[in-house]
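Examining the three-dimensional arrangement
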Amino acid sequence: MSDYSHLHPQSRPIAAQDNALREDWINRPRWIGYPRAHEILSKLEDLVRHPRQTRMPSMLLLGNTNNGKTRLIERFIRQHPVKEDLQNDYVHAPVLFIQTPAAPTEAALYSEILNAFYERVPASSLDAKRDRAMHVLKGVRLKVLLLDELHNMLASNKSQQQQVLNSLKFMSNVLSISIVGCGTGDLARAVSIDPQIQNRFKPLVLPNWRPDEQAYRDLLASFEVVLPLRRPSSLSSNTVAHKINAMTEGTIGEISDLLNLAAKQAIRDGTECITVKELNSCGYVPPSDRKKQIASL
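Attention here is on the structure that accompanies the text. Owing to the predicted nature of the structure, the values given are computational and were not obtained by experimental measurement. (Residues numbered from 1 in each chain as written. Predicted model: local features only at pLDDT ≥ 70, side-chain atom pairs only at ≥ 80, totals over all residues. Heavy atoms only, no water.)

1. Observations concerning helix α4 (residues 106-116)
Listing the buried residues of α4 in full gives Glu-106, Leu-109, Tyr-110, Ser-111, Ile-113 and Leu-114. Looking at the buried positions of α4, the neighbouring elements they touch are β4 (95-99), α5 (126-139), β5 (144-148) and α6 (158-175). Among the residues trailing α4, Tyr-118 stands out with phi positive, at a value near 55°. (Buried < 20%, exposed > 50% of the residue type's maximum accessible area, 1.4 Å probe, protein only. Helix = DSSP H or I, 4+ residues; strand = E, 2+ residues; numbered from the N terminus. Contact = heavy atoms within 4.5 Å.)

As C-alpha cells, this is what we get:
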C-alpha cells in the first residue's frame, strides 16, 4: 500500500506538460485522512498522554491485510520521534514500533526490542535478554509499545503463545506502558487464549470499505483531489464507486494501487480522467485473481 503523507491539492502539477512528471507525482507518498483513521489516531494519542499506573490500557488494531493498519501506525510514530541528546547520552523514545517475529517466542520478542535500539542482545539466558530489554525500555521512558503482525503468534505452539502474552503483560505491568497489537482478525483469536489479556486489550477495527457508505464515497473524492488529472473523474459516482470497490475488495491499499494505475493510464491515453475503461485497462489485478494465479502454478 502507498504511504500517505499529506499533500496540498493546489500543489499538484496539474498543468504540467511533462506527463512523466505527473506520473512521478502519482507515485509519491501521500496521506488520505478519513474519520476512522483520525479516531484511531486520537485513541493512540490518549495512550501517550495516559498517566502511568499498574494496569495501563492497551489495544488491538485489527483489519484485513493492506487495509491501512501499518501506514496509520507509521503516521502516529512520526508524530512521536525519538529524541536524542548525544552529548549527555540521553534518549527519549515515548513510542516504539517493532515487527513481531515470524515465529515469535519470548526470547525473540526481547531480541527485537533490543535490535530496535541497536543494543547488544545477550547470548546467554532468557533472563538476561529480559533484564536487558526491560532496562533499555525503562531508560528511554517508553509509554507505548506497538507490535505489528502480532497474529504471527499463531505460528507458535500454545505454550509459546502463552509465554509471549505473559511477557507482554509483564512489560505492561512493570514498566506501566500501554501495548498495541496490530494484526488481522486472527489476532483476536490468538489473544483469546488468555482471558486476562483479552480483557485488557480493547479491539479497534479497520473494516473493509463498503460501496454504499458515505465515508467510502468521501474517501474516493479525497483521492480524486490529489490525483493530477486535468478532467474530473467522478470517482464517487455510483457506477465508478461500485466498480472500484468490487475490483479492490474494499481495502484502502488496493484502492490506492488501482487508482494510481488508472490515473497513469488516463494520462497516457489522453482521457485525463478515470472511467470504467481506465479501471479495466490499467493492468490492475484484483487480490482474489492474484491468489488464483499463484495457486495455479
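After that view of the structure, there is still more to cover.
2. Looking at the pattern of salt bridges
It is possible for side chains of opposite charge to pair when their charged atoms get near one another. Here the structure, examined in full by the defined rule, presents 17 salt bridges. Residue Glu-119 is joined to Arg-132 by a salt bridge in which the shortest nitrogen-to-oxygen separation is 2.7 Å. Of the two residues, Glu-119 is situated in the loop between α4 and α5 and Arg-132 in helix α5; the sequence distance between them amounts to 13 residues. Classification of Arg-132 as partly exposed rests on a relative accessible area of 30%. Among the ionic pairs, Arg-230 bridges to Glu-272, the shortest N-O distance being 3.1 Å. Of this pair, Arg-230 sits in the loop between α9 (214-226) and α10 (238-248) while Glu-272 is found in the loop between α11 (252-269) and α12 (276-281), placing the two residues 42 residues apart along the sequence. For Glu-272, a relative accessible area of 9% translates into the label buried. Taken together, the shared-partner salt bridges connect Arg-22, Arg-230 and Glu-272 into one network. (Salt bridge = Lys/Arg side-chain N within 4 Å of Asp/Glu carboxyl O.)

3. Comments concerning the pairing of β5
Counting buried positions over the 5 residues of β5 gives 5, a clear majority of the element. Alignment of β4 against β5, held across 5 bridges, turns out to be parallel. Pairing of Ile-98 across the sheet is with Leu-147, part of β5. In this structure, β5 lies alongside strand β6 (residues 178-183), joined through 4 bridges in parallel fashion. By the bridge assignment, Leu-145 is partnered in β6 with Ile-179. Viewed along the sheet, the connection from β5 through α6 into β6 turns out right-handed. (Pairing = 2+ DSSP bridges. Right-handed = clockwise from strand over helix to strand, strands pointing away.)

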